[in-house]
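Inside the fold
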Amino acid sequence: MDTILIISLMFICLFVVLFLGLPVALGLGGTAALFGYLFAPEVLTAAPSTFFSTPWQHILVTVPLFIFMGNIIRYSGIAQDAYDAAYKLIGHLPGGLAMGTVQVCTIFAAITGVTPPATITMGQIAYPSMMRYNYHRGIAIGSIGAGGALGALIPPSVPFIFYGILANESIGALFLGGIIPGLILSTLYVIYIGIRCKIQPHMGPAIPKDNRYSVREKIGAVAGIWPFLLLIFLVLGVIWLGVATPAEAAAFGAGGALLINVLYRSITWEIVKDSLIFTVKLVGMGFWILIAANFFVNIFSALGGQGIITQAVLAMPGGEWGALLMMMLIIMLLGMIMDDWAIIMMVTPLFVPILNILDISTLWFGVLFIVNIQIAYLTPPFGFVLFWIKSILPKDVTMGDVYRSVLPFIGLQIIALILLILFPELATWLPSTMK
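Presented here is a report on the structure given in the accompanying data block. Small disclaimer: the values here were computed from a predicted structure and weren't measured. (Residues numbered from 1 in each chain as written. Predicted model: local features only at pLDDT ≥ 70, side-chain atom pairs only at ≥ 80, totals over all residues. Heavy atoms only, no water.)

Moving on: the overall build of the chain. Helix and strand counts for the chain come out as 22 helices and zero strands. Viewed in the frame of its principal axes, the chain has a C-alpha envelope of about 75 × 45 × 45 Å. Expressed as a percentage of its 435 residues, the buried residues of the chain come to 56%. For the chain, the share of sequence-separated contacts (at least 6 apart) that also reach a separation of at least 24 residues comes to 80%. Roughly 17700 Å² of accessible area belongs to the chain as shown, and the carbon and sulfur atoms make up 70% of that amount. Each charge class in the chain can be summarised by its mean position, and for the 17 positive and 17 negative side chains these summaries are 18 Å apart. (Helix = DSSP H or I, 4+ residues; strand = E, 2+ residues; numbered from the N terminus. Buried < 20%, exposed > 50% of the residue type's maximum accessible area, 1.4 Å probe, protein only. Contact = heavy atoms within 4.5 Å. Areas by Shrake-Rupley, 256 points an atom, 1.4 Å probe, with all protein chains shown as cover. Lys, Arg positive; Asp, Glu negative; His and termini not counted. Charge placed at Lys NZ, Arg CZ, Asp CG, Glu CD.)

Dropping the structure here:
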């Protein structure tokens, strides 16, 4: 049978089983096993090796530590303190509460590594507050969704860890590479909210004058977010200064999160148990996807798929730029129908050989990749942030309301992606300063 036909059938089979609701790991692994058995049975002997070798990479210890850190810090109350500080500082501005939501999500992203904690926490804190002050539903939901999605980009980002392992790129460099793009996105969101609420005051009215605070109260509120700053330093500062590896920084961060909860007297055995269960579930899912994706790529390459993908991408008009835009488009389309971790684990091994042929920096491409994943988080029909938001909003909020709310922010994400493509230094300068 023709190789192109086999590869086409393989992807059609994969997408069908995923649309039917089969877990991603089973869909990837099952499709690979079926096509390996039919067309390359000798490759199936590598399956046990893939199963046992994939999870035993030392850098993967950072994944459960960062997820545990991000989840347990949700219970400390510092997210509420940070939102209160934003409320007191800029609540008097049009759209101030929505802008504050984005800013708190930006900081919260720097201590979580994944998107659910920030999205869920800020949805529970910020949405009722904005509704209380008559904010438009669209600007409220959009700011929470876009801000929450930053957890995948701003370090310590778990997607960066998986990409770095598969691309053989420095995790610390990727972490630093995500800082400036994350701040660019956050700034674009804040500027958009401020301009729109200035032009359309009903979208985000300023809080009443009698609810405003003195300079002393504002300074006190800002001082109350010291735990955020401490955790950010424990994780990013020690990496940037060369004091610790990402794995050691993850341990510092997890220990720091526990200590903050103790100081805030918000720790209980029930919270520790729930955080550990959440961590184990998420890490288990991620590792199974990683194993299945490696197996899928091995079978795919054995069937000749890698050569076909390479030829197709390199044949794009425009040379290096055409190939890069083609890869970005593939990632964006996959993001509409697949889980972000699955996309990273399936696509990265296929694209890295192409990057090496074109002499494109895997560091720069990795940042572009994760920014693109940001778009996937908010893109209908299967943007995962959209479903997390819907799960914690009142029942009168429809999925259509959520979809419409995030559309302007998707446009801003595309603008940021274009800026990073045109100016690679936005992603590569900070990592170049690592000691």
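Still more to cover.
By the element assignment, Ser 157 lies in the loop between helix H8 (137-149) and helix H9 (158-167). Ser 157 gets classed as buried once you look at its relative accessible area, which sits at 0%. At a separation of 2.4 Å, a polar atom in the side chain of Ser 157 contacts the main-chain carbonyl oxygen of Ala 152. (Polar contact = N/O pair within 3.5 Å; in protein donor to acceptor, adjacent residues only side chain to side chain.)

Ranked by internal contacts, the top residues of the largest apolar core, which has 161 residues, are Phe 162 and Phe 365. It is helix H15 (residues 269-302) that contributes the most residues to this core, 14 residues altogether. (Core = buried A, V, L, I, M, F, W, Y, C linked by side-chain atoms within 4.5 Å.)

With that out of the way, let us pick up helix H6 (residues 96-109). In a regular helix each residue adds 1.5 Å, so 14 residues correspond to 20 Å; H6 covers 20 Å between its end C-alpha atoms and thus fits that length. For H6, the tally of buried residues reaches 12 of 14 residues, placing the bulk of the element in the interior. Burial in H6 covers these residues: Gly 96, Leu 97, Ala 98, Met 99, Gly 100, Thr 101, Val 102, Val 104, Cys 105, Thr 106, Phe 108 and Ala 109. Next to the buried residues of H6 lie helix H5 (78-90), helix H7 (116-132), H8, helix H11 (179-199) and helix H13 (226-240). (Expected span 1.5 Å × (residues − 1).)

Take unusual backbone geometry next. In this structure, Pro 156 follows Pro 155 across a cis peptide bond, with omega equal to 10°. Among the secondary structure elements, Pro 156 is positioned in the loop between H8 and H9. Non-glycine residue Asp 359 carries a positive phi angle of around 60°. Examined against the element boundaries, Asp 359 turns out to sit in the loop between helix H18 (340-358) and helix H19 (362-378).

Moving on, we get to the layout of surface pockets. Gaps left between atoms are located by rolling a probe of water-molecule size over the structure's atoms. Of the volumes computed, that of the largest pocket is approximately 290 Å³. Around the largest pocket sit 16 residues that line it, and Leu 282, Met 285, Asp 339, Asp 340 and Trp 388 are the ones nearest its centre. Those elements that place two or more of their residues in the lining of the largest pocket are helix H2 (24-39), H15, H18 and helix H20 (384-392). Top element by residues in the lining of the largest pocket is H15. It accounts for four residues. Per-class residue counts for the lining of the largest pocket are 13 nonpolar, one polar and two charged. (1 Å grid on protein atoms, 1.4 Å probe; cavity = no way out; pocket = protein on both sides within 12 Å on 5 of 7 lines; lining within 4 Å. Points joined across faces, edges and corners; volume = space filled by probe spheres on them. Nonpolar A, V, L, I, M, F, W, Y, C, P; charged D, E, K, R; others polar.)

Bringing the packing of aromatic side chains into the picture now. Applying the stated criterion across every chain yields a total of 11 aromatic pairs. An angle of 80° between the planes, with centres 6.2 Å apart, marks the rings of Phe 351 and Phe 365 as edge-to-face. Residue Phe 351 is located in helix H18, and its partner Phe 365 is located in helix H19; the two are separated by 14 residues in the primary sequence. Each member of the pair Phe 351 and Phe 365 is classed as buried. Here Phe 365 and Phe 369 contribute two aromatic rings whose centre-to-centre distance is 6.0 Å and whose plane-to-plane angle is 70°, an arrangement assigned as edge-to-face. Here Phe 365 pairs with Phe 369, and both are found in helix H19, just four residues apart, close to one helical turn. The exposure classification of Phe 365 matches that of Phe 369, with both residues buried. (Phe/Tyr/Trp six-rings, centres within 6.5 Å; stacked < 30°, edge-to-face > 60°.)

The next subject is the packing of helix H17 (residues 319-335) against H18. A pair of packed helices is captured by two measures, namely the crossing angle of their axes and the spacing between those axes. Contact pair H17 / H18: the axes reach a minimum separation of 12 Å and the direction vectors enclose 180°. Here H18 runs roughly antiparallel to H17, going by the angle between their axes. Contacts between H17 and H18 involve Glu 320, Ala 323, Met 327, Ile 330, Ile 331, Leu 334 and Gly 335 from the first element and Ile 343, Met 346, Val 347, Phe 351, Ile 354, Leu 355 and Leu 358 from the second. Classifying every residue of the contact of H17 with H18 by side-chain character gives 12 nonpolar, one polar and one charged. (Axes fitted to C-alpha atoms, helices over the stretch in contact; angles between N-to-C directions. Parallel < 35°, antiparallel > 145°, perpendicular 65-115°, else oblique.)

For H13, spanning 15 residues, the distance from its first C-alpha to its last is 20 Å, which sits close to the expected 21 Å at 1.5 Å a residue. At Phe 233, H13 shows its largest bend, some 35°. For H13, the elements touching its buried residues are helix H4 (62-72), H5, H6, helix H10 (171-177), H11 and helix H14 (246-263). Of the residues one or two after H13, Gly 242 is the one with positive phi, at around 80°. (Bend = angle between axes of the 7 residues up to and from the residue.)

Our next topic: the pattern of salt bridges. On inspection of all chains with the given rule, the structure shows four salt bridges. Glu 270 is the partner of Lys 273 in a salt bridge, and the nearest nitrogen-oxygen pair spans 3.5 Å. With Lys 273 and Glu 270 both in helix H15 and three residues apart, this pair spans about one turn of that helix. You can call Glu 270 partly exposed: its relative accessible area is 45%. For the salt bridge of Asp 401 with Arg 404, the shortest nitrogen-to-oxygen distance reads 2.7 Å. Linking Asp 401 with Arg 404, this pair stays in helix H21 (residues 399-422), spanning three residues, or about one helical turn. (Salt bridge = Lys/Arg side-chain N within 4 Å of Asp/Glu carboxyl O.)

Mapping Leu 393 onto the fold places it in the loop between H20 and H21. By relative accessible area, Leu 393 is classed as buried at 8%. Sequence separation between Leu 393 and Ile 67 is 326 residues; the distance between their C-alpha atoms is 23 Å. With near-sequence residues (within four places) excluded, Leu 393 lies in contact with Tyr 127, Ile 141 and Val 402.

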